[in-house]
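Listed below, chain by chain, are the residues.
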Amino acid sequence: HLIIGDPIAQVKSPSGMTPKFVAAGRNDIVVPIRVCSTDLPAFLAGVRLARNIDSIIVTIPHKFACFAQCETVSDRARLLGAVQHMRRTASGGWHGENFDGLSFVTAARARGAVFAGARALLVGAGGAGSAIALAMAEAGLAELAVHDTDEARLAALLDKLRTG
């Protein structure tokens, strides 16, 4: 399993997930790979040839670009236009999903957060921010204010939330 991004030094998935694979009796590891945006299509084309890569965790800045590389995607990923996870399909291609928002809401609820009827401010309408906005809205927020310095990205997210 790979986790790709640029930068990549901040990721925790390799040290968190690899021991869980071992504990489950699997001979799997998570390897961080730094891939710049301009190299992403060529990198993914090459990785597709490596049949022992079962999945790719996607982090900044590749969530929107990796969406376009998936043969199939979940409804959530389709609405967002972004993926956080790509898993190998039987045909050798990729199926994309986005768990960022669901994971955030689950973790926040475990720490006592209540979304129903609440108001929230979200700063950032990128791949993870978009997924978090959608999941919080689905969790019953009464009001969600979103800020992003990229006005086009902000407008696109707000449109998705209104129509999704």
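Anyway, here's the lowdown on the structure attached to this text. For every chain, the first residue of the written sequence is number 1, and numbering continues from 1 along that sequence. Given that this is a predicted model, residues contribute local features only at a pLDDT of at least 70 and side-chain atom pairs are listed and counted only at 80 or more, while totals for whole chains, interfaces and linings are drawn from all residues. Hydrogen atoms and water are omitted, and side-chain values are computed over all heavy atoms in the structure.

Secondary structure elements are taken from DSSP: a helix is a run of H or I of four residues or more, a strand is a run of E of two residues or more, and numbering for both begins at the N terminus. Counting its secondary structure elements, the chain contains seven helices and eight strands. Restricting the calculation to C-alpha atoms gives the radius of gyration, and the globule rule supplies 2.2 Å times the number of residues raised to the power 0.38. Computed over C-alpha atoms, the radius of gyration of the chain comes to 17 Å, within 12% of the 15 Å expected from 2.2 N^0.38 for 164 residues, which places it in the range of a compact globule. Each of the three principal axes of the chain carries a C-alpha extent, and together these read 45 × 35 × 30 Å. Taken across its 164 residues, the chain has 44% of its residues classed as buried. In this description, contact between two residues means that some pair of their heavy atoms is separated by no more than 4.5 Å. Considering only contacts in the chain between residues 6 or more positions apart, those separated by 24 or more positions represent 59%. Surface accessibility of the chain: about 8,900 Å² in total, with carbon and sulfur atoms responsible for 58%. To sort residues, take the accessible area from a 1.4 Å probe on protein chains only and compare it with the maximum for the residue type: under 20% means buried, over 50% means exposed, and anything in between is partly exposed. A 1.4 Å probe and the Shrake-Rupley method give the accessible areas. Residues count as covered only by the protein chains that appear here.

Judged by nonpolar contacts, the single largest core of 16 residues is most densely connected at Ile4, Leu44, Ile56, Cys66, Val83, Met86 and Trp94. Per-element tally for this core: the top contributor is helix α2 (residues 40-49), with three residues. When near neighbours in sequence (up to four residues on either side) are disregarded, cysteine 66 contacts Ile4, Leu40, Leu44, Val58, Val83 and Met86. Listed in part, the 15 residues of the second largest apolar core include Ala108, Ala125, Ala133 and Ala139. In plain words, nonpolar cores are sets of buried Ala, Val, Leu, Ile, Met, Phe, Trp, Tyr and Cys residues tied together by side-chain atoms within 4.5 Å.

As for its position among the elements, lysine 63 is in helix α3 (residues 63-67). Exposure remark for lysine 63: the relative accessible area of 8% places this residue in the buried category. The residues contacting lysine 63, other than those within four sequence positions of it, are Val58, Gly81, Ala82, Val83, Gln84, Asp100, Gly127 and Ala128.

Turning our eyes to something else, we now look at the pairing of strand β3 (residues 55-58). Neither face of β3 is exposed, since Ser55 and Ile57 on one face and Ile56 and Val58 on the opposite face are all buried. As judged from the three bridges shared by strand β1 (residues 2-5) and β3, these two strands associate in the parallel manner. Within the sheet, the bridge partner assigned to isoleucine 3 lies in β3 and is isoleucine 57. Here three bridges tie β3 to strand β5 (residues 85-88), and the two strands are oriented antiparallel to one another. Note on β5: the bridge partner recorded for serine 55 is arginine 87. Any two strands are treated as partners once DSSP identifies two or more bridges connecting them.

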